[in-house]
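Now for the letters of each chain:
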Amino acid sequence: MVSELINANPTVYERKERRVRIAPADVDEYTVEPIDQLEIFDILSDYCIDIKDPEHPYSLEELKVITEDAIELDDKRNYVRVTFTPTVEHCSMATVIGLCLRVKLMRSLPSRYKVDIRVAPGTHATEAAVNKQLNDKERVAAALENPNLVDMVDECLGPSYE
């Protein structure tokens, strides 16, 4: 984790109760299954493989950085947009958080999906720059070639044993 905290006392929220997902019994393994908003949220906030905040031992869900309502999905057009809200306006970890969200979805969703990661409007001092960096393929690829950054992302995406 980070040595100097940007937000030393974040507000921690209760986890949202999960709705039960019922899968159809007669599933053809070659049929494309539709994906919904709840499934995307579950990918990003699974109880045992939570995306953790880079500064704190809390999940992004517990800090309300991500919420189910901030996920837009168009399954027919293979498009997902996740809008996240940093805990403070000057959060220096916003790009790392966004990169974690992107990597988690890249690893979990079929490659046909276009993923758009955004900072919620008005919630970050350098919102436009962060959004540009998170959605530029070359910048993301370059970031994922940096071993220190990859280690930080992997730590945030690692299993939680609490």
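Described below are features of the structure shown in this document. (Residues numbered from 1 in each chain as written. Predicted model: local features only at pLDDT ≥ 70, side-chain atom pairs only at ≥ 80, totals over all residues. Heavy atoms only, no water.)

Here we look at the pairing of strand β2 (residues 79-84)
As paired strands, strand β1 (residues 71-74) and β2 are joined by four bridges and run antiparallel to one another. Bridge pairing links I71 to V82 in β2. Counted between consecutive antiparallel strands, the loop separating β1 from β2 contains four residues, among which N78 sits at a positive phi close to 55°. Relative to strand β3 (residues 114-119), β2 is paired through six bridges, and the arrangement is parallel. Bridging from a neighbouring strand, T83 pairs with R118 of β3. Following the chain from β2 across helix α2 (residues 94-108) to the adjacent parallel β3, one finds a crossover that is right-handed. (Pairing = 2+ DSSP bridges. Helix = DSSP H or I, 4+ residues; strand = E, 2+ residues; numbered from the N terminus. Right-handed = clockwise from strand over helix to strand, strands pointing away.)

A closer look at the nonpolar core
Membership of the largest hydrophobic core comes to 37 residues, with the highest contact counts inside it found for I40, L44, V82, F84, L101, L105 and L109. Counting residues per element, the ones that place at least two in this core are α1 (37-44), β2, α2, β3, α3 (127-134), α4 (137-143) and α5 (147-157). With eight residues, α2 is the single largest residue contributor to this core. Apart from residues lying up to four places away in sequence, V82 is in contact with I40, L44, A70, I71, L101, L105, D116, I117 and R118. (Core = buried A, V, L, I, M, F, W, Y, C linked by side-chain atoms within 4.5 Å. Buried < 20%, exposed > 50% of the residue type's maximum accessible area, 1.4 Å probe, protein only. Contact = heavy atoms within 4.5 Å.)

A word on the sheet that holds β2
Within the open sheet, the three strands sit side by side as β1-β2-β3. Their pairing is mixed. Across the chains shown, the open sheet's two edge strands, defined by having one partner strand only, are β1 and β3. Strand-to-strand twist of the sheet, defined as the mean angle between neighbouring strand axes without regard to direction, takes the value 10°. In the packing of α1 onto the sheet, the strands contacted are β1 and β2, and the crossing angle to β1 comes to about 130°. (Axes fitted to C-alpha atoms, helices over the stretch in contact; angles between N-to-C directions.)

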